[in-house]
Amino acid sequence: MKDLLKKVRQIEIKTKRLTNNLFMGEYQSSFKGRGMVFSEVRPYQYGDDVRNIDWNKTAHFSEPYVKVFEEERELTLMLLVDVSASQNFGTRKQLKKQTVAEICATLAFSAMANNDKVGLLLYSDQVELYLPPSKGKFQALRIIRELVEYEPKNAKTDLNAALDFLLSTQKRKSICFILSDFTDINYEKSLRIAARKHELTGIRVYDEKEEFLPNIGLANIIDNETGEMRMINTSSASVRRNYEQFYRRVRDQFLNIFSKSGAGTIEIRTDQDYIKALLAYFKSNHAA
């Protein structure tokens with residue numbers, strides 16, 4: 001428990017500082033609220049839209065009054081996190097799942113600072129854990145704790161299960177970030193349906209050694225999701241080429257499916273600065 005609290009505290013300190021110092025409203029300006037809601041009535045000023053004149057108040061005070069509207073800011077942020085066994089991989093700075101935890105913490109604290117609700121959905125080839133959207137620091141810390149300590153029941157991946165659950169539980173439009181390496185297949189239809197209702201962004205977190213297979217001679221390679229072990233000859237140019245082609249297929253599939261569905265994409269390598277990637281995305285999203 002001591003180690004758990006220490007890890008949660010370390011992530012809280014790091015990500016909260018980054019959120020406060022670097023985001024500077026980028027999160028807030030990137031996502032629009034649900035619409036406009038009535039705020040107040042005030043005397044007409046030059047340049048006001050005459051369509052907003054409140055005729056009852058105008059008649060009562062014998063001078064023009066207008067209704068003032070403001071954006072209904074409260075949003076719901078949902079974090080859909082892949083906890084399959086492929087997340088337990090990392091050769092440089094840290095494991096993929098550790099990078100994912102920090103990204104989620106940054107987004108959760110951003111939502112908290114803007115008084116938005118935030119929820120968590122952990123999935124493998126089934127929904128493993130669901131925290132309904134809620135506000136406040138306690139919710140943000142609980143999300144971090146689950147990301148740090150949760151032990152998945154299954155090793156494989158199926159994004160369809162997570163998207164189906166999202167559609168069944170979130171009836172109103174939500175801002176949804178899906179964090180995974182997206183080594184998955186046949187999720188295009190589910191993603192397209194979910195993207196019609198929610199604002200989706202896929203964050204693909206990957207390790208450097210998933211791009212290129214190093215030449216280290218004979219090596220035992222384990223598939224984390226199936227448990228299968230094979231000895232391969234990494235000195236073989238064709239073996240390394242096939243490995244790189246598989247990686248490119250996974251990456252291209254991710255980009256193509258999300259693009260066709262109208263969803264956003266971010267790619268983050270475990271040893272790179274994820275804050276820069278998030279900021280760039282928020283700025284481009286706001287400009288769009």
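Described in the following lines is the structure provided in the data block. Quick caveat: nothing in here was measured; it's all calculated off a predicted structure.

**Observations concerning the packing of helix α6 (residues 159–169) against helix α7 (residues 188–197)**
Viewed as axis vectors pointing N to C, α6 and α7 meet at an angle of 30°, and their least axial separation amounts to 9 Å. Relative to α7, α6 is oriented roughly parallel. Crossing handedness for the pair α6 and α7: left-handed. Across from Asn160, Leu163, Asp164 and Leu167 in α6, the residues of α7 making contact are Ser190, Leu191, Ile193, Ala194 and Lys197. By residue class, the composition of the contact of α6 with α7 is five nonpolar, two polar and two charged.

**Things to note about helix α4 (residues 96–113)**
With 18 residues, α4 extends 26 Å between its outermost C-alpha atoms, agreeing within 8% with the 26 Å of an ideal straight helix rising 1.5 Å per residue. Where burial is concerned, most of α4 is hidden: 14 out of the 18 residues are buried. Just past α4, the residue asparagine 115 takes up positive phi, approximately 60°.

**As for the pairing of strand β9 (residues 229–233)**
In summary, the side chains of a regular strand alternate between the two faces of the sheet. Judged by how many residues are buried, β9 sits mostly at the surface: zero of five residues are covered. When strand β8 (residues 218–222) meets β9, the two strands line up antiparallel, connected through five bridges. Among the inter-strand pairings, isoleucine 221 is bridged to a residue of β9, identified as arginine 230. Adjacent in sequence and paired antiparallel, β8 and β9 are bridged by six residues, among which glycine 227 carries a positive phi angle near 80°.

**As for α6**
Three or more residues of α6 are buried, namely Leu159, Asn160, Ala162, Leu163 and Leu166. Seen end-on, α6 carries its buried residues on one side only, within an arc spanning 165°. Elements in contact with the buried residues of α6: β3 (76–82), β4 (117–123), β5 (127–134), β6 (175–180), α7 and β7 (199–206). The N-cap of α6, judged by a side-chain oxygen 3.1 Å from the amide nitrogen of asparagine 160 a few residues on, is aspartate 158.

**Observations concerning the packing of α4 against helix α5 (residues 137–149)**
Packing of α4 against α5 brings their axes to within 9 Å, and their N-to-C directions diverge by 170°. As summarised for this structure, α4 and α5 are arranged roughly antiparallel, according to the angle between their axes. The segment α4 lies against α5, with Ala101, Cys104, Ala105, Ala108, Phe109 and Met112 engaging Lys137, Ala140, Leu141, Ile144 and Leu147. Its residues assigned to classes, the contact of α4 with α5 comprises 10 nonpolar, no polar and one charged.

**Overview of the sheet that holds β3**
Across the sheet, six strands lie side by side as β5-β4-β3-β6-β7-β10; this open sheet has mixed pairing. Edge positions in the open sheet fall to β5 and β10 (264–269), since each of these has one partner strand only. On average, each strand axis in the sheet is tilted by 15° relative to the strand beside it, whichever way the strands run. In the sheet, β3 pairs with β6 via five bridges, with the strands oriented parallel. Within the sheet, the bridge partner assigned to leucine 79 lies in β6 and is phenylalanine 177. Across the face of the sheet, helix α8 (residues 237–260) comes into contact with β6, β7 and β10 while running at roughly 150° to β10.

**Considering the environment of lysine 197**
Mapping lysine 197 onto the fold places it in helix α7. Since its relative accessible area comes to 26%, lysine 197 is described here as partly exposed. For lysine 197 and lysine 171, which are 26 residues apart along the polypeptide, the C-alpha to C-alpha distance reads 8.7 Å. Dropping the residues within four chain positions of it, lysine 197 is found in contact with Leu167, Gln170, Lys171, Arg172 and Lys173. Polar side-chain contacts of lysine 197 include one of 2.8 Å to the backbone oxygen of glutamine 170.

**Considering the packing of aromatic side chains**
Two descriptors summarise a pair of aromatic rings, namely the distance from one centre to the other and the angle between the planes of the rings. Scanning the entire structure with this criterion turns up nine aromatic pairs. Ring centres of tyrosine 281 and phenylalanine 282 lie 6.3 Å apart, and the angle between their planes is 50°; on these two criteria the pair is classed as tilted. No difference in accessibility class separates tyrosine 281 from phenylalanine 282, as the two residues are buried. Members of the aromatic cluster, joined through ring pairs, are Phe182, Tyr187, Phe254 and Phe258. The residue whose ring lies beneath arginine 204 is tyrosine 206, and the NZ or CZ to ring-centre distance is 4.3 Å.

So, how was this worked out
Residues numbered from 1 in each chain as written. Predicted model: local features only at pLDDT ≥ 70, side-chain atom pairs only at ≥ 80, totals over all residues. Heavy atoms only, no water. Axes fitted to C-alpha atoms, helices over the stretch in contact; angles between N-to-C directions. Helix = DSSP H or I, 4+ residues; strand = E, 2+ residues; numbered from the N terminus. Parallel < 35°, antiparallel > 145°, perpendicular 65-115°, else oblique. Left-handed = near helix turned anticlockwise from the far one by under 90°. Contact = heavy atoms within 4.5 Å. Nonpolar A, V, L, I, M, F, W, Y, C, P; charged D, E, K, R; others polar. Expected span 1.5 Å × (residues − 1). Buried < 20%, exposed > 50% of the residue type's maximum accessible area, 1.4 Å probe, protein only. Pairing = 2+ DSSP bridges. Arc of directions from axis to C-beta. Polar contact = N/O pair within 3.5 Å; in protein donor to acceptor, adjacent residues only side chain to side chain. Phe/Tyr/Trp six-rings, centres within 6.5 Å; stacked < 30°, edge-to-face > 60°. Lys NZ or Arg CZ within 6 Å of the ring centre and 35° of its normal.

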